[in-house]
Amino acid sequence: MTLKTLTLMMTSTLVLTACATTGQPDLSDSTLDGRLGGGLVSASDEPSLAQAEPDAMWWRLYDSPELDGLITDALENNNSLAQAVASLDQVRASLGEARSARLPSTELSAQGGYVEQPQNQGGYDGEQYSAGFSTSWQVDLFGRVRNAIRAARQDVVAAEAARDAAAILVAGETARAWADYCAGTRLVSVGENNVALAEQSLDLTERLYDAGRGLRLDVVQAQSRLETSRAELPSLRASRDAAVFRLATLTGRTPSEMRAVIPACDAAPRLDGPIAVGDVASLLARRPDVREAEARLDAASARVGVSVAQLYPSVTLGGSITSTAFELGDLGDEDSLSVSLGPLISWSFPNQAAARARLRQAEAGAQIALAGFDQAVLEALQETETALTVFAAERQRRQSLEVARDAAAEAARLARIRYQAGSESYIAVLDAERTLANAETALANSDAAAASSEVDVFMALGGRWTETGDE
């Protein structure tokens, strides 16, 4: 093939493939471009939420050494997080493989053995040895290698974001399990107090009935309240124990090991001040699922470039040196050497149906990734706004329940005073104390719900992870 012929072929390739190449989609093609900004809707005019940037290690805001220790254990020992870290190492190795395409490839060979040649090929019978060295380097004229490396690099960014998402999930679920355990302990205590009150009520109504001063209906109702209170205890204890078992899995322990080391706690952790939430832009920059979707879009766009390059000729520069001799000591002699040097050009032309099909696949994959990015952004906003709304509502609900509990406590105190003064029956005291116990139960449940809603907010806000991430 003459140089003139090769030049004509290359020129025709540029003309024929120009119509097949399309723009590679990026963030500017997003349907949400220009529509994101400002503050979060649920944070406006909400005193329990602040516009400042949130803390990455938010669990330290609870000032709980026990919670700090559990989350540290979980980030170090959780198996799901270990899988995400190992997956990141795997993808980083793939990036190293892609980068190796920029370097020349080399190969050494050596061979020895007995040969027997026919008379028309020299008629030699005996030993023959050969040794050689070859090298080749692909000229990246059309960006195939460059785009493959870019795609692999963005795969690493996506894997890093997936690891960060796993860390957020582990930290958040550990905090939630701890809050459920603490709230469960309190609920069991309240439930046991309810049983004790119901037992006192039943004992009193039975004595009054035996003395002819009460009704059988009162006895039956008191017995029903007692059994109802007793029936609640097993499920309360089971919920508390289930939280312990979740903590065990999250921190890489067995249930028996967790039982042996779990600290005592009888109240769900609470934050007294407002939670910093930032704005929409900072939220999307923190959210690992959004960062992962962005990286996957960039990787898909780069793979379009790889497919476009496959429409063009591939040029490889290479050379080899081979030495062949009948005596081992003659290897390397000038007479035994053969040298090859020159370019290798390969090109699937004019039949490019397969290459064009791969290009269409890559373009469709990029459009999928673009839609996936838009969806990740919308889901991040939905999750965050929902979490903020539920958190604010639960905090308001808890305030009302706290007022109700305080009022019930005051009513019980006054009932006891009136009973001691002889102005009230003991049944009235028991009723007031039962009302107080119910208010305590409702408040304890609200504390658990409030703690869980706080965790939802922190998980929705995302974060940076110095313990497991690369700054």
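What counts and what doesn't
- Residues numbered from 1 in each chain as written.
- Predicted model: local features only at pLDDT ≥ 70, side-chain atom pairs only at ≥ 80, totals over all residues.
- Heavy atoms only, no water.
- Helix = DSSP H or I, 4+ residues; strand = E, 2+ residues; numbered from the N terminus.
- Rg over C-alpha atoms; globule rule 2.2 N^0.38 Å.
- Buried < 20%, exposed > 50% of the residue type's maximum accessible area, 1.4 Å probe, protein only.
- Contact = heavy atoms within 4.5 Å.
- Areas by Shrake-Rupley, 256 points an atom, 1.4 Å probe, with all protein chains shown as cover.
- Lys, Arg positive; Asp, Glu negative; His and termini not counted.
- Charge placed at Lys NZ, Arg CZ, Asp CG, Glu CD.
- Pairing = 2+ DSSP bridges.
- Axes fitted to C-alpha atoms, helices over the stretch in contact; angles between N-to-C directions.
- 1 Å grid on protein atoms, 1.4 Å probe; cavity = no way out; pocket = protein on both sides within 12 Å on 5 of 7 lines; lining within 4 Å.
- Points joined across faces, edges and corners; volume = space filled by probe spheres on them.
- Nonpolar A, V, L, I, M, F, W, Y, C, P; charged D, E, K, R; others polar.
- Phe/Tyr/Trp six-rings, centres within 6.5 Å; stacked < 30°, edge-to-face > 60°.
- Core = buried A, V, L, I, M, F, W, Y, C linked by side-chain atoms within 4.5 Å.
- Expected span 1.5 Å × (residues − 1).
- Salt bridge = Lys/Arg side-chain N within 4 Å of Asp/Glu carboxyl O.
- Disulfide = S-S within 2.5 Å.
- Polar contact = N/O pair within 3.5 Å; in protein donor to acceptor, adjacent residues only side chain to side chain.

Trainee: Which parts of the structure should I look at to understand the overall build of the protein chain?
Mentor: Scanning the protein chain for helices and strands turns up ten helices and six strands. Relative to the 2.2 N^0.38 estimate, which gives 23 Å for 471 residues, the radius of gyration of the protein chain is 37 Å and therefore markedly larger than a compact globule would have. Taken along its principal axes, the extent of the C-alpha atoms in the protein chain is 130 × 55 × 35 Å. Expressed as a percentage of the 471 residues in the protein chain, the buried residues total 39%. Across the protein chain, every contact between residues at least 6 apart in sequence was considered, and the portion connecting residues at least 24 apart equals 83%. Approximately 25200 Å² of the protein chain is accessible, and the part contributed by carbon and sulfur atoms is 53%. For the protein chain, the distance from the average site of its 41 positive side-chain charges to the average site of its 65 negative ones is 7 Å.

Trainee: Would you explain the sheet that holds strand β6 (residues 337–346) in this entry?
Mentor: Sheet strands pair via backbone hydrogen bonds, and the direction of the pair is either parallel or antiparallel. Within the open sheet, the four strands sit side by side as β2-β3-β5-β6. Their pairing is antiparallel. Both outer strands of the open sheet, β2 (105–116) and β6, are each paired with one neighbouring strand and no more. Averaged over neighbouring strand pairs, the angle between their axes works out to 20 degrees when direction is ignored.

Trainee: How should I be thinking about the layout of surface pockets in this particular structure?
Mentor: A probe as big as a water molecule, rolled over the atoms, marks out the empty space that is left. Estimated volume of the largest pocket: approximately 250 Å³. Forming the walls of the largest pocket are 22 residues, and the residues nearest its centre are A309, Q310, Y312, P313 and S314. Looking at the lining of the largest pocket, the elements with two or more residues in it are β3 (125–139), β5 (314–325) and α9 (353–420). Tallying contributions element by element places α9 first for the lining of the largest pocket, with four residues. Residue composition of the lining of the largest pocket, grouped by class: eleven nonpolar, eight polar and three charged. Here the second largest pocket defines a volume of roughly 200 Å³. N194, R225, S229, R434 and N438 are the residues nearest the centre of the second largest pocket, which is lined by 13 residues in total. Sorting the residues of the lining of the second largest pocket by element identifies α4 (144–210), α5 (216–250) and α10 (426–461) as the ones contributing at least two each. For the lining of the second largest pocket, the element with the most residues is α10, which contributes five residues. Residues of the lining of the second largest pocket, tallied by class, amount to four nonpolar, six polar and three charged.

Trainee: I tried to follow the packing of aromatic side chains on my own but got confused; where do I start?
Mentor: Each aromatic ring pair is described using two quantities: the centre-to-centre distance and the angle formed by the ring planes. The full count for this structure, using the stated rule, is five aromatic pairs. Ring centres of W58 and W59 lie 5.6 Å apart, and the angle between their planes is 80 degrees; on these two criteria the pair is classed as edge-to-face. Both residues of the pair, W58 and W59, count as buried. Here the aromatic rings of W347 and F349 are separated by 4.2 Å at their centres, their planes lie at 15 degrees, and the arrangement is stacked. Here F349 falls in the partly exposed class, since its relative accessible area comes to 32%.

Trainee: Can you walk me through the nonpolar core in this structure?
Mentor: Grouped together as the largest cluster of nonpolar side chains are 66 residues, with contacts concentrated most on W178, Y181, I275 and V277. The element that contributes the greatest number of residues to this core is α9, accounting for 14 residues. If we skip the residues at most four places from it in the chain, V277 touches L40, A43, L49, A50, A52, P54, R286, L388 and L461. Membership of the second largest hydrophobic core comes to eight residues, among which are L95, A98, A152 and A159.

Trainee: Explain α9 to me, please; I cannot follow it from the model alone.
Mentor: Given 3.6 residues per turn, any residue in an α-helix points the same way as the ones three and four places further on. Compared with an ideal rise of 1.5 Å per residue, which puts 68 residues at 100 Å, α9 spans 97 Å between its outermost C-alpha atoms and is within 8% of the ideal. Of the residues trailing α9, G422 is marked for its positive phi of about 80 degrees.

Trainee: I'm lost on the pattern of salt bridges in this one. Help?
Mentor: When the charged atoms of two side chains lie near each other, side chains of opposite charge can form a pair. Scanning all chains against the criterion turns up 31 salt bridges. With its nearest N and O atoms 3.4 Å apart, the salt bridge here joins R240 to D241. We classify D241 as buried; its relative accessible area is 18%. Across the pair D241 and R259 runs a salt bridge whose closest N-O atoms are separated by 3.5 Å.

Trainee: Sorry if this is basic, but what is going on with the state of the cysteines here?
Mentor: Cysteine pairs can be linked by a disulfide, which is a covalent bond between their two sulfur atoms. Tallied over the entire structure, the rule returns one disulfide. Bridging C182 to C265, the disulfide has an S-S length of 2.0 Å. When the S-S torsion is 115 degrees, as for the bridge of C182 with C265, the disulfide is right-handed. Taken as a pair, C182 in helix α4 and C265 in the loop between α6 (255–261) and β4 (275–276) lie far apart in primary sequence, 83 residues in all. What makes C265 buried here is its relative accessible area of 14%.

Trainee: Before we go on, may I ask you to explain the side chain of E385 in this structure?
Mentor: Along the polypeptide, E385 turns up in helix α9. The charged side chain of E385 is buried without a salt bridge, its nearest counter-charge being R286 at 11 Å. Here the side chain of E385 touches S42 through a polar contact of 2.7 Å, side chain to side chain. Excluding residues that lie within four positions of it along the chain, E385 makes contacts with L40, V41 and S42.

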